[in-house]
Amino acid sequence: MARRAVEQELSRERILEAARHLFITKGYRAISMRSIGQHLGYSHGSLYYHFKEKAELFYAIVVEDFNHVATLLNQAMQTPPETGMTRVEQLILEFIRFGLDHPYQYEIMFMIRDEELLAYCRAEQGRCFELFAGIVRSHMKEEGYVSEDWQSIPLTLFLSAHGFISYYIQDKVSFEDVRQAAIMHVKVLSRSL
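Residues numbered from 1 in each chain as written. Predicted model: local features only at pLDDT ≥ 70, side-chain atom pairs only at ≥ 80, totals over all residues. Heavy atoms only, no water.

Asker: Help me out: how do you make sense of the packing of helix H2 (residues 12–26) against helix H5 (residues 54–78) in this one?
Answerer: Relative placement of two packed helices is described by the angle separating their axes and the distance separating the axes. Taken N-terminus to C-terminus, the directions of H2 and H5 make an angle of 95°; their axes are 10 Å apart at the nearest point. Relative to H5, the element H2 lies roughly perpendicular. In contact with Arg12, Ile15, Leu16, Ala19, Arg20 and Phe23 of H2, H5 contributes Lys54, Leu57, Phe58, Ala60, Ile61, Glu64 and Asp65. (Axes fitted to C-alpha atoms, helices over the stretch in contact; angles between N-to-C directions. Helix = DSSP H or I, 4+ residues; strand = E, 2+ residues; numbered from the N terminus. Parallel < 35°, antiparallel > 145°, perpendicular 65-115°, else oblique. Contact = heavy atoms within 4.5 Å.)

See below:
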């Protein structure tokens, strides 16, 4: 009975959110399953019902966050762009919005430096970039761009959006705080195409 009550109260989502926050603020190596449990007010044993080990918990965070970005990028391409924006501009803007409005997630996904953790992120980073690049290439084909640009331009756009996010994320600003700067950044990128 006690275990069932704990399972109902301590959800997978709560564990993921707490672990995400602790991994970013304290570092992956400094955090243990015990410290995550203490942070949540539960014994570390209750975490093992959901995750076998800390590495599995970390990977679950990475997969969840990249799936969320994939959903946002696909939605951005299915929604009519804002007035004065192209679909690709809308795509880049949505990526920037995610990064600034979800800084903990973005840092884990794209800015973590720990070699052990990068192994968990690389495949998901590649999948995210391929989705982004595929959308950009599709737009470029529709707009009549020459095929030799199809390989280089998506990476340039992705890295430029990442640079924008990396610059502002350290100031802990929201997307709305820098919305006009983000729009101008995206417009300058588009002009260079």
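Following the structure, the description resumes.
Asker: Before we go on, may I ask you to explain the pattern of salt bridges in this structure?
Answerer: Going through the model one piece at a time under the given rule, you end up with ten salt bridges. With its nearest N and O atoms 3.7 Å apart, the salt bridge here joins Arg137 to Glu130. Here Arg137 falls in the buried class, since its relative accessible area comes to 14%. The exposure class of Glu130 is partly exposed, given its relative accessible area of 45%. (Salt bridge = Lys/Arg side-chain N within 4 Å of Asp/Glu carboxyl O. Buried < 20%, exposed > 50% of the residue type's maximum accessible area, 1.4 Å probe, protein only.)

Asker: Please clarify how the packing of aromatic side chains should be interpreted in this entry.
Answerer: The relative placement of two aromatic rings is captured by the distance of their centres and the angle of their planes. Here the structure, examined in full by the defined rule, presents 14 aromatic pairs. Centroid distance Phe95 to Tyr106: 5.9 Å. Interplanar angle 70°. Geometry classified as edge-to-face. Placement of the pair is Phe95 in helix H6 (residues 87–101) and Tyr106 in helix H7 (residues 103–111), with a sequence separation of eleven residues. Tyr106 shares its class with Phe95; the two are buried. With a centroid separation of 4.9 Å and an interplanar angle of 35°, the aromatic rings of Tyr106 and Phe110 are classed as tilted. Of this pair, Tyr106 and Phe110 both sit in helix H7, four residues apart, which is roughly one turn of that helix. With a relative accessible area of 0%, Tyr106 lands in the buried category. (Phe/Tyr/Trp six-rings, centres within 6.5 Å; stacked < 30°, edge-to-face > 60°.)

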